[in-house]
Amino acid sequence: MYDLLIIGAGPAGLTAGLYAGRARLKALILEKLTCGGQILLTETVENYPGFPGGISSSDLMGNIEEQVMKLGVKILEEEVRQIEKIGIFWRIKTRENQYDAKAVVIAAGSLPKTLEVEGEKHLTGKGVSYCATCDGPLYRNKIVAVVGGGDTAAEEVLFLTRFAAKIFLIHRRSQLRAAEILAQRLKDNIKVKPIWNAQVLAILGNERVEGLVIKDVNSGNEETILCDGVFIYVGRAPDTGFLGNLIKLDEHGHIITDEAMRTDEPGIFAAGDCRKKTFRQVITACSDGAVALYSAQQYLEGLK
Ligand code: NAP
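Residues numbered from 1 in each chain as written. Predicted model: local features only at pLDDT ≥ 70, side-chain atom pairs only at ≥ 80, totals over all residues. Heavy atoms only, no water.

The next point concerns the overall build of the protein. Broken down by element type, the protein carries seven helices and 19 strands. The C-alpha atoms of the protein give a radius of gyration of 21 Å, which matches the 19 Å a tight globule of 304 residues would have. Dimensions of the protein, computed from the C-alpha atoms along their principal axes, are close to 65 × 40 × 35 Å. Long-range pairs, those at least 24 residues apart, make up 59% of the contacts in the protein between residues at least 6 apart in sequence. (Helix = DSSP H or I, 4+ residues; strand = E, 2+ residues; numbered from the N terminus. Rg over C-alpha atoms; globule rule 2.2 N^0.38 Å. Contact = heavy atoms within 4.5 Å.)

Take a look at the structure:
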């Protein structure tokens, strides 16, 4: 029986693990993909305090992972399929195993949203990508399009300027949602060609991406753009499908918590991007993880 099981090893889950280790709890972290979380899809983190020159996401997350493991908290690569209530404990089932814990912190993060347009599914991996850090180097001297207007789209366009000859930035409005410092860098880069007020109607190509059909949302005019790759950054959805009806979620699937990261089910806490909140950053995820652990510790004390 574990005191605490943490689902997800991104910034929120690892920070919860760090605090669990310091509290000498018997804790286990389960991660279905790579330890470090979605931030690893970004090359450099520029807004984590203490690193005036920025820090690579793999260094930042690698350091946190090392800090957690030094405290004796185990991290296993297993995907959680279901959580069941057994009296006052929780049974966490993965494909391979099941674990019992007195309390659970859900820090499962989020998944990229898809555009849901013709050609997207069939060309994924054949020019349609959701990860510039992974696939950007394949587009040296090629033409690519990035869809979206948030921080992720802006950062990934800037990353792609290292490889691609030209990057179309296609956004459905005339103003980016991304931070001003990123927006300014995009304006200053001659490789970046913004296409404002445009909606993607279809991604073209048989074996590989050959282009896009876009529509001007004001005039209704349609246009075909030729490109070799399409990177889609239209937001993220919480990865909470495995929870079923266990705890209260909002209409988008985000976990509803109070300020102390408590869900409506005593003993279950949530932290990071999978939680309903206003600002999703590495630092706010870490903060959630620390608060969740503080609350979980209080809960565990109450069980004694
Ligand atoms: P986001 O902020 O939700 O932005 C999504 C973008 O996609 C918006 O510009 C949105 O347009 C557009 N969009 C949504 N649905 C669309 C559709 N169906 N068709 C076309 N465009 C669509 O998502 P994100 O950029 O992935 O960022 C997620 C969170 O992580 C944010 O809180 C962000 O601040 C944070 N983040 C922070 C950093 C950083 O601080 N370094 C880096 C990456 C991400 P509208 O603008 O019209 O809504």
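Next comes the rest of the description.
Next up on the list: the sheet that holds strand 16 (residues 222–226). The three strands are arranged 14-15-16 in an open sheet whose pairing can be described as antiparallel. Each edge of the open sheet carries a strand with a single partner, namely strand 14 (198–204) and strand 16. Across this sheet, the average inter-strand angle for adjacent strands is 30°, counted without regard to direction. Summarising the sheet, strand 15 (residues 211–216) and strand 16 pair through five bridges and their orientation is antiparallel. The partner of I214 across the bridge, within strand 16, is E223. (Pairing = 2+ DSSP bridges. Axes fitted to C-alpha atoms, helices over the stretch in contact; angles between N-to-C directions.)

Another aspect to go through is the packing of helix 1 (residues 11–22) against helix 2 (residues 57–70). Remark: helix 1 packs on helix 2, axes separated minimally by 9 Å, with the N-to-C direction vectors making an angle of 30°. Classified by the interaxial angle, the pair formed by helix 1 and helix 2 is roughly parallel. At the point where helix 1 passes helix 2, the crossing takes the left-handed sense. Mapping the contact onto sequence places P11, L14, G17 and L18 in helix 1 and M61, I64, E65, Q67 and V68 in helix 2. Residue composition of the contact of helix 1 with helix 2, by class: six nonpolar, two polar and one charged. (Parallel < 35°, antiparallel > 145°, perpendicular 65-115°, else oblique. Left-handed = near helix turned anticlockwise from the far one by under 90°. Nonpolar A, V, L, I, M, F, W, Y, C, P; charged D, E, K, R; others polar.)

With that out of the way, let us pick up the packing of aromatic side chains. With the rule as written, the count across this model stands at five aromatic pairs. On the basis of an interplanar angle of 70° and a centroid distance of 6.1 Å, the ring pair of F269 and Y299 is categorised as edge-to-face. Note that F269 is positioned in strand 19 (residues 268–270) and Y299 in helix 7 (residues 282–303), a separation of 30 residues in sequence. Taking relative accessible area as the criterion, F269 reaches 2% and is therefore assigned buried. For K26, the ring lying beneath its charged end belongs to Y2, and the centroid distance is 4.8 Å. (Phe/Tyr/Trp six-rings, centres within 6.5 Å; stacked < 30°, edge-to-face > 60°. Buried < 20%, exposed > 50% of the residue type's maximum accessible area, 1.4 Å probe, protein only. Lys NZ or Arg CZ within 6 Å of the ring centre and 35° of its normal.)

Summed over all chains, the structure comprises one disulfide. The residue that forms a disulfide with C131 is C134, at a sulfur-sulfur distance of 2.0 Å. Every disulfide takes its handedness from the sign of the S-S torsion; for C131 and C134 that torsion is 80°, giving right-handed. We note that C35 lacks a disulfide partner, and the nearest cysteine sulfur, in C286, lies 12 Å from it. Its relative accessible area of 8% is what places C286 among the buried residues. (Disulfide = S-S within 2.5 Å.)

Between the first and last C-alpha of helix 1 there are 17 Å, a value that for twelve residues agrees with the 16 Å anticipated at 1.5 Å per step. Along helix 1, ten of the twelve residues are buried, which leaves the element largely enclosed by surrounding structure. For helix 1, every residue scored as buried is listed here: P11, A12, G13, L14, T15, A16, G17, L18, A20 and G21. Contacts from the buried residues of helix 1 go to strand 1 (2–7), strand 2 (27–31), helix 2, strand 5 (74–77), strand 8 (98–106) and helix 7. Remark: R24 follows helix 1 within two positions and exhibits a positive phi of approximately 60°. (Expected span 1.5 Å × (residues − 1).)

Right, let's talk about the environment of G149 for a bit. Position of G149 relative to the elements: it lies in the loop between strand 11 (143–147) and helix 5 (151–160). The buried category is assigned to G149, whose relative accessible area is 8%. G149 sits 16 residues away from T133 along the chain, and the two C-alpha atoms are 18 Å apart.

The strand order across the open sheet built from five strands is 10-17-11-12-13, with neighbouring strands paired in parallel fashion. Among the strands making up the open sheet, the edge pair consists of strand 10 (128–129) and strand 13 (192–195). Across two bridges, the pairing between strand 10 and strand 17 (residues 229–232) is parallel. Looking across to strand 17, one finds that V128 is bridged to V230. Running at roughly 170° to strand 11, helix 5 makes contact with strand 11, strand 12 (166–170), strand 13 and strand 17 of the sheet.

Counted residue by residue, strand 2 has five buried out of five residues, so it is predominantly covered. The two faces of strand 2 match: A27, I29 and E31 on one face and L28 and L30 on the other face are all buried. The parallel pair strand 1 and strand 2, bridged by helix 1, forms a crossover whose chirality is right-handed. Sheet analysis places strand 2 next to strand 5, joined by four bridges and oriented parallel. (Right-handed = clockwise from strand over helix to strand, strands pointing away.)

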